[in-house]
Amino acid sequence: MNQPVMPGRREFFLKMGGGIVMILAADAPAFAQQRRPYPEDLNAYLVIARDGRITVFSGKVEMGQGILTSQAQMVAEELDVDLDRIDMVLGDTDRCPWDMGTFGSLTTRMFGPALRAAAAQARLTLLDLAAHKLDVTPDRLQVSNGVISVSGDAARKVSYAELSQGARIAHVVPQKAVLRAAKDFKRMGQSPRRLDAVEKVTGGAKYTADMRLPGMLYARILRPPAHGAKLIEADTRAAEALPGVTVVRESELIAVLHADPEAASKALARVRARWENPPTTKQTPENIFDHILAAKGEPRVIQERGDPGAAKPAKPLSAEYRKGYVAHAPIEPHAALAEMHDGKLTVWASTQTPFPVQEQIAQRLKLDPKQVRVRVPYIGGGFGGKSASEQAIEAAVLAVRTGKPVQVARTREEEFFLDTFDPACVVQIASGLDAQGHISHWDYTVHAAGERGAELLYDVADVRMRSVGRGYYESTAAADSVHPFAIGPWRAPGANMNIFAIESHIDTLAALAGSDPLEFRLQHMRNPRMRRVLQAAASAFGWKAAAAPSRRGFGIACGMDAGTCVAVCAHVSVDVESGEIRVRRLVCAQDMGIVVNPEGAKMQIEGCLTMGLGYALSEELRFAGGRVLDRNFDSYPLPRFRGLPKIESVLIEDDTIAPQGGGEPGIVCTGAVIANAVFDASGARLLQLPMKPERVRAALAALASA
Amino acid sequence: MDAKSSITFTLNGKQTTLEADDDRTLLWVLRTDLELTGARYGCGEGPCGACTVLLDERPVRACRTPLWQVAGKSVMTVEGLAQDGKLHPLQQAFIDHGAFQCGYCTSAMLLTAWALLAENPKPSRPQIVAAMDHVLCRCGAHQRILAAVEAVAAQASRRPS
């Protein structure tokens, strides 16, 4: 399913500005996962200017994951040019091929093949043109940094720029370019300096809220005190009385605008609003799991084999796992700047989904989508939270209503309140061991997290896996939603919870069998890639076999996400008095197929594990019904420098598999591996994330009284 | 409100005079009037540190600093780190160690590290951790940030003083 599906060939003639008639052979991959296929025309992806510079167009956006550089590497590789000749245009709906959004670790594994194919086809086409021009057969030609020359007669040469003349490449080549094999890579498989490096260390990198337009206004928007609150009345007179203030009221949108952002905030504080609030007692962090388990909805059977209901294990083991709501909390809050000019609306936005946002804006303002251009500057972290981008629509509406450029930039309080949280969720597992100490069966139900990561990779004959609720796709607009506020995709959505539950349960089964956790996994694991990452992580960690709890504080966990196999080992210590967990070391091994940029891949692994410490140990939203009680970082603790473990990462060389996902897989084992290491350290099995000190103390107390 | 006064301070080595309401916040004056957007809004209350700038070589939260407080003092922002187009060793080390991802907290990390090294050219690892702990990073570049700061400290300590 990760392989490109090749569409039928379309060829047509084009008359070039320079008088050359070319025939276009269009042959780029399209993908079933895309609501629209990627374009077949290579010119949709790149243009070679007269000065030899190559501009590459991609709908994928840069939010820290390094795809500005890795996509340029792919083009440089297939086209045979140096990286410094390439300029990237990302997330511009007027210039880039349609894309559903930057999420799901899809850039390299799904858009990558289309981009590489376009560049490879461009190279092949240019070689054919050069053969005509130099009057040789293409097999006698060689390419070096965008210059095509005759082998053994280097004076006979022509550059890409001379051939393209800065125009579209339109020429027929009957054959389809083959992507370069990993063994021949010169520019992929390397870790060049990131293309955003200098801008990001000099402060020159522009994020959305850094964009300035003459006459722009800064908008502050009236927000309800709680989700579900209804506005009774709003008195904006005191705000309007301040000099320079503009107020826009349009149904539920009440905005105060000023040329100075602080003045806009002061004016908003003068708006007097009365609200009818929903009860704060309906959902709470304590009862949310009861709401989730009581929710109506037919379970969907995702995986089924054998007859798990008939299993009669010698040692049964059932458990229920839980996790609360987690915030995305990127350091850059959502921002947008919109400007209407000559009938065209341009919106700069920190969004992971520029093309869907373009459609949403057009729909809201009853414009033709062609009248709306969304552009995405650098994004200060997304993690799934910027898939939802209401701020872009707000800025667009306000720019149209005021006739001026308008910036909407959320405060931190708004960022928490309006976040689409990783949902609270529950997993129930019934399993056990047979008389030989093998896993007898696996009956698995996930509630509210969705099924990503829930598939059992272990060798068990009788398996049933069911999913209740739509996970992060759940719309809070639905009357039967159990969530009191919006939820949405959060880095490897669903997988963090599912792998926490699966790998905790497998670990408990290993202990029940009296087996070493690594050995027990290998006994039940046939997948060679998973076996290899388990062994690689264990080897780099220095794993020595022992049944848990061994009191060493060692844990292991593995999982598969976005086509990538990952295993992590952890060393923790547990303060039995305070209940505090200290993670000392994490070692991660990852098989992501061909690696485009090894250092970039390692940065993603480290980032994943560091971020994962949050949902594992400290991050859990406080709320009362639709009231979000965490409003800033003082009460919502992110992972920080203090207490950071040593993190090591190992990339498995696996050039037989196309490049797979890298932005998310590294995070999926974090909860499980720490829970397993805590079990090994203390004998206490933590069934709920995050593993806050009070939960550790409670688990230790339960253990002592058992 | 809008009582404008004349405020003079040194900004990235240059004397700067503004006619402005001195109750305004340094962060927004930098980002709007002066168009220096390297100091970034992250939380507006202090805990994230993304708006960190140096006031007389000490890190402060620009989002919590009223303009009157900088009168007669020296403000340094990330835009003042590179000299004559040459990156500061910390900037180079951040690049060499891959010490950023999204880059949104990077200005604050660099200035916090600069202030640490100005005060203590040979900090221990725990001292680096304690200083850098004032700034949040969500991407998880922490380990590489520490390595970058440590590398610059090691270079400095090798230099004859």
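Residues numbered from 1 in each chain as written. Chains lettered and ligands numbered in written order. Predicted model: local features only at pLDDT ≥ 70, side-chain atom pairs only at ≥ 80, totals over all residues. Heavy atoms only, no water.

Draft legend 1. Geometry of helix H3 (residues 106-119) of chain B. All names here are of chain B. With 14 residues, H3 extends 20 Å between its outermost C-alpha atoms, agreeing within 8% with the 20 Å of an ideal straight helix rising 1.5 Å per residue. Burial runs high along H3: twelve of the 14 residues are buried. Considered for burial, the residues of H3 that qualify are Thr106, Ser107, Ala108, Met109, Leu110, Leu111, Thr112, Ala113, Trp114, Ala115, Leu116 and Leu117. (Helix = DSSP H or I, 4+ residues; strand = E, 2+ residues; numbered from the N terminus. Expected span 1.5 Å × (residues − 1). Buried < 20%, exposed > 50% of the residue type's maximum accessible area, 1.4 Å probe, protein only.)

Draft legend 2. View of the pattern of salt bridges. Enumeration according to the criterion identifies 59 salt bridges over all chains in this entry. With a closest N to O distance of 3.6 Å, Arg187 of chain A and Asp80 of chain A form a salt bridge. Residue Arg187 of chain A is found in the loop between helix H3 (160-164) and helix H4 (197-202), and its partner Asp80 of chain A is found in the loop between helix H1 (67-79) and strand S5 (86-90); the two are separated by 107 residues along the sequence. With relative accessibility at 17%, the residue Arg187 of chain A sits in the buried group. By relative accessible area, Asp80 of chain A is classed as buried at 4%. Measuring nitrogen to oxygen at the nearest pair gives 3.9 Å for the salt bridge that ties Asp260 of chain A to Arg24 of chain B. Residue Asp260 of chain A is found in the loop between strand S12 (253-258) and helix H6 (261-269), and its partner Arg24 of chain B is found in the loop between strand S2 (14-21) and helix H1 (26-33); the two belong to separate chains. For the pair formed by Asp260 of chain A and Arg24 of chain B, the shared burial category is buried. What you see here is one network of salt bridges that share partners, running through Glu77, Asp80, Asp82, Arg123, Arg180, Lys186 and Arg187 of chain A. (Salt bridge = Lys/Arg side-chain N within 4 Å of Asp/Glu carboxyl O.)

Draft legend 3. Spotlight on helix H9 (residues 390-402) of chain A. The end-to-end C-alpha separation of H9 of chain A is 18 Å, in line with the 18 Å expected for 13 residues at 1.5 Å each. Immediately beyond the C-terminal end of H9 of chain A, within one or two residues, lies Gly403 of chain A, with a positive phi of roughly 75 degrees.

Draft legend 4. View of the packing of H1 of chain A against helix H2 (residues 107-134) of chain A. Residues and elements named next belong to chain A. Remark: H1 packs on H2, axes separated minimally by 8 Å, with the N-to-C direction vectors making an angle of 35 degrees. Crossing hand, H1 versus H2: right-handed. Contact with H1, carried on its side by Ile67, Gln71, Met74, Val75, Glu78 and Leu79, involves Thr107, Thr108, Phe111, Gly112, Leu115, Arg116, Ala119, Ala120, Ala122 and Arg123 of H2 and no other residues of that element. When the residues that make up the contact of H1 with H2 are grouped by side-chain class, the tally is nine nonpolar, four polar and three charged. (Axes fitted to C-alpha atoms, helices over the stretch in contact; angles between N-to-C directions. Left-handed = near helix turned anticlockwise from the far one by under 90°. Contact = heavy atoms within 4.5 Å. Nonpolar A, V, L, I, M, F, W, Y, C, P; charged D, E, K, R; others polar.)

Draft legend 5. Quick look at the sheet that holds strand S1 (residues 4-11) of chain B. Residues and elements named next belong to chain B. The strand order across the open sheet formed by five strands is S2-S1-S5-S3-S4, and the pairing between neighbours is mixed. Of all strands in the sheet, those bounded by a partner on one side alone are S2 and strand S4 (58-61). Along the sheet, successive strands turn relative to each other by an average axial angle of 40 degrees, direction set aside. Of the strands in this sheet, strand S3 (52-55), S4 and strand S5 (74-76) touch H3, which is tilted by about 35 degrees from S3. (Pairing = 2+ DSSP bridges.)

Draft legend 6. View of the interface of chain A and chain B. Each partner contributes to the interface: chain A provides 60 residues, whereas chain B provides 50 residues. Across the chain A/chain B interface, buried area totals approximately 4,500 Å², and carbon plus sulfur atoms make up 56% of it. Taken together, the connections running from chain A to chain B amount to eight salt bridges. For Glu599 of chain A, the salt bridge is made with Arg144 of chain B, and the minimal N-O distance between the two is 3.0 Å. Secondary-structure elements contributing two or more residues to the side of chain A that touches chain B are H4, H6, helix H14 (598-618) and strand S28 (646-651) of chain A. Here the side of chain A that touches chain B gets eight residues from one element, more than from any other, and that element is H14 of chain A. Per-class residue counts for the side of chain A that touches chain B are 28 nonpolar, eleven polar and 21 charged. (Buried area = accessible area lost by both parts, 1.4 Å probe.)

Draft legend 7. Spatial organisation of the sheet that holds strand S18 (residues 372-375) of chain A. Residues and elements named next belong to chain A. Read across the open sheet, the seven strands follow the order S11-S12-S9-S19-S16-S17-S18; overall the sheet is mixed. Two strands lie at the open edges of the sheet, namely strand S11 (246-250) and S18, each paired on one side alone. Here the average twist between neighbouring strands, direction ignored, is 25 degrees. Taken together, the four bridges between strand S9 (residues 217-221) and S12 define a ladder with antiparallel strand orientation. Along S12, the bridge assignment pairs Tyr218 with His258.

Draft legend 8. Just the environment of Phe679 of chain A, in detail. Residues and elements named next belong to chain A. Structurally, the position occupied by Phe679 is in helix H15 (residues 670-682). Under the relative-accessibility criterion, Phe679 is labelled buried at 8%. Once residues within four sequence positions are removed from consideration, Phe679 is found in contact with Asp507, Ala511, Ala548, Pro549, Ala684 and Arg685.

Draft legend 9. Quick peek at the domain arrangement of chain B. All names here are of chain B. By the assigned domains, chain B splits into domain 1 (4-80) and domain 2 (89-158). Computed from C-alpha coordinates alone, the two centres of domain 1 and domain 2 are separated by 22 Å. For domain 1, the biggest contributors to the area lost against domain 2 are Arg40, Thr52 and Val78; these three give 32% of the whole. At the junction of domain 1 with domain 2, the criterion picks out one salt bridge. (Domains from an automatic or database assignment.)

Draft legend 10. Focus on unusual backbone geometry. Residues and elements named next belong to chain A. Residues Ala548 and Pro549 are joined by a peptide bond in cis, for which omega reads 0 degrees. Along the chain, Pro549 turns up in the loop between helix H13 (528-541) and strand S23 (554-561). For the bond running from Leu689 to Pro690, omega is -5 degrees, close enough to zero to count as cis. Within the secondary structure layout, Pro690 lies in the loop between strand S29 (688-689) and helix H16 (693-705).

Draft legend 11. A look at the layout of surface pockets. Residues and elements named next belong to chain A. Approximately 660 Å³ is the volume attributed to the second largest pocket. Sort the elements by how many residues they give to the lining of the second largest pocket and H6 lands first, with four residues. Residues that form the lining of the second largest pocket fall into these classes: 13 nonpolar, seven polar and ten charged. (1 Å grid on protein atoms, 1.4 Å probe; cavity = no way out; pocket = protein on both sides within 12 Å on 5 of 7 lines; lining within 4 Å. Points joined across faces, edges and corners; volume = space filled by probe spheres on them.)

Draft legend 12. Up close: the domain arrangement of chain A. All names here are of chain A. Assigned domains of chain A: these are domain 1 (34-198), domain 2 (208-277 + 334-409) and domain 3 (473-705). Taken over C-alpha atoms, the centre of domain 1 sits 37 Å from the centre of domain 2. Taken over both partners, the interface formed by domain 1 and domain 2 buries close to 1,500 Å², and the fraction arising from carbon and sulfur atoms is 51%. Taken as a group, Met63, Thr93 and Asp94 account for 36% of the area that domain 1 buries against domain 2, more than any other trio of residues on that side. Counting across the interface, domain 1 meets domain 2 through five salt bridges.

Draft legend 13. Representation of the side chain of Gln688 of chain A in the model. Here Gln688 of chain A lies in strand S29. With residues near it in sequence (within four places) discarded, Gln688 of chain A still touches Phe289, Arg322, Phe500, Glu620 and Arg695 of chain A.

Draft legend 14. Here's a closer look at the packing of helix H11 (residues 495-513) of chain A against H15 of chain A. All names here are of chain A. Where H11 meets H15, the closest approach of the two axes is 8 Å, and the angle between their N-to-C directions is 30 degrees. What the angle tells us is that H11 and H15 run roughly parallel. Handedness of the crossing formed by H11 with H15: right-handed. Along its contact with H11, which presents Ile499, Phe500, Glu503, Ser504, Asp507 and Ala511, the element H15 presents Gly671, Ala672, Ala675, Asn676 and Phe679. (Parallel < 35°, antiparallel > 145°, perpendicular 65-115°, else oblique.)

Draft legend 15. Main features of the nonpolar core. Residues and elements named next belong to chain A. Ranked by internal contacts, the top residues of the largest apolar core, which has 197 residues, are Ile148, Trp442, Tyr444, Val572 and Ile674. With twelve residues, the top contributor of residues to this core is H2. Other than its neighbours up to four places away in sequence, Val572 contacts Arg552, Gly553, Ile581, Arg582, Val583, Arg584, Ile674, Ala677, Val678 and Ala681. Core analysis: the next-biggest nonpolar cluster, separate from the first, contains 28 residues, Leu217, Val248, Leu345 and Val408 among them. (Core = buried A, V, L, I, M, F, W, Y, C linked by side-chain atoms within 4.5 Å.)

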